[in-house]
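Geometric and topological summary
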Amino acid sequence: MSDIFREVDEEVRRERLEQLWKRYGNYIIAVALVILVGVGAWRGYIYWQERKAAEAGAAYEAASVLADEGKHQEAEQAFAKLATDGTAGYRGLARFREAAQLGLSDPKAAVAAYDALASDASLGRSMQDLATMRAALLLVDTAPYQELRGRLEPLAAPDRPFRHSARELLAFSAWRSGDGAAARKWIDAVLTDPSAPSSIRNRIDVLAALVPSEGKG
């Protein structure tokens, strides 16, 4: 008797499934196709991204080789192209390398390139600070102290990653401009910071010997 009831239940379920399929079969097929197309598109996108990243990596390496070989104009052009056409990660790196190549032939243009990087919030504060430091290194021998101060003083704060280098450049710039008081201020900021690297301390010690203990205000 139980076999009969089981057969009846199976027949009822089969009929219900057939009815559901007749009613919703087309929708089920459509959803399945959408899923298949979506998976295929996603896999295609991933492949495309990986290929673009590989191409950008190869282009970056080729541009770096040009720079190492002293072909600076060609390297600058290669980095500029990658900064426009490369993947997101390589675009930022290429912009820094392009600015570095510019610095060898056109410091003014290089400073402008670094300033553009420093104002690009998408890079993050550390990379923006690095760009500011690179620009300051190009300017430290020629720009007045007040200009360097405007650029670097925020970077000299205790929580900034390049504070030691910023203080060193500020001390040197102040000394070069004849502002002994400002030079002493930044020298002391380096020497009283226990986390300052020994290489910077050594250079600051040399500079300290050139600065009077009481500079002009």
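1. Remarks on helix H5 (residues 125-139)
- The end-to-end C-alpha distance of H5 is 21 Å, a good match for the 21 Å that 15 residues give at a rise of 1.5 Å each.
- At its buried positions, H5 is contacted by helix H3 (88-105), helix H4 (107-118), helix H6 (145-152) and helix H7 (163-176).

2. Side note on the packing of aromatic side chains
- The full count for this structure, using the stated rule, is two aromatic pairs.
- Measuring from centroid to centroid gives 6.4 Å for Phe96 and Tyr114, while their planes differ by 55°, and the two rings are tilted. In this pair, Phe96 sits in helix H3 while Tyr114 sits in helix H4, placing the two residues 18 residues apart along the sequence.
- Among the residues examined, Tyr114 registers a relative accessible area of 3% and is labelled buried.

3. So, the nonpolar core
- Counting residues in each nonpolar core, the largest one holds 35 residues, and the members touching the most others are Tyr114, Leu152, Trp186, Ile187 and Ile204.
- At the level of elements, H3, H4, H5, H6, H7, helix H8 (180-191) and helix H9 (198-210) are the ones that each hand at least two residues to this core.
- Here the element with the most residues in this core is H8; it accounts for six residues.
- Leave out the neighbours within four places in its chain, and Ile187 touches Ala171, Ile204, Leu207, Ala208 and Val211.
- Counting six residues, the second largest nonpolar core, distinct from the first, contains Ala67, Ala75, Ala83 and Ala94.

4. Concerning the pattern of salt bridges
- Using the criterion set out here, one finds 10 salt bridges in the structure.
- The residue Arg163 makes a salt bridge to Asp193 at a minimum N-O spacing of 3.8 Å. One end of the pair, Arg163, is in helix H7; the other, Asp193, is in the loop between H8 and H9, with 30 residues separating them in the sequence. Neither residue differs from the other here; Arg163 and Asp193 are each classed as buried.
- The salt bridge involving Arg167 is made with Asp193; its shortest N-O contact spans 2.9 Å. In this pair, Arg167 sits in helix H7 while Asp193 sits in the loop between H8 and H9, placing the two residues 26 residues apart along the sequence.
- For Arg167, a relative accessible area of 8% gives the class buried.
- Exposure remark for Asp193: the relative accessible area of 13% places this residue in the buried category.
- Shared partners join several salt bridges into a network, and the residues in it are Asp115, Glu147 and Arg151.

Calculation criteria
Residue positions within a chain follow its written sequence, with the count starting from 1. In keeping with the model being predicted, local features are shown solely for residues with a pLDDT of at least 70 and side-chain atom pairs are shown and tallied solely at 80 or more, while totals for entire chains, interfaces and linings include all residues. Derived side-chain values reflect all non-hydrogen atoms in the structure, with water molecules and hydrogen atoms excluded from consideration. A helix here means a DSSP run of H or I that spans at least four residues, while a strand means a run of E at least two residues long, and both kinds are numbered starting from the N terminus. Working rule for helices: expected span equals 1.5 Å times residues minus one. Note on definitions: a residue-residue contact is assigned when non-hydrogen atoms from the two residues lie within 4.5 Å. Only Phe, Tyr and Trp rings take part, Trp by its six-membered ring, and two of them pair if their centres are within 6.5 Å. Stacked means planes under 30 degrees apart, edge-to-face means over 60, and tilted covers everything else. Buried residues are those whose accessible area, probed at 1.4 Å on protein chains only, stays under 20% of the maximum for their type, while exposed residues exceed 50% and partly exposed ones sit between those limits. Nine residue types can take part in a nonpolar core, namely buried Ala, Val, Leu, Ile, Met, Phe, Trp, Tyr and Cys, and a core is a set of them joined through side-chain atoms within 4.5 Å. For this document, the term salt bridge refers to a Lys or Arg side-chain nitrogen within 4 Å of an Asp or Glu carboxyl oxygen.

The values are spatial; any link to function lies outside them.
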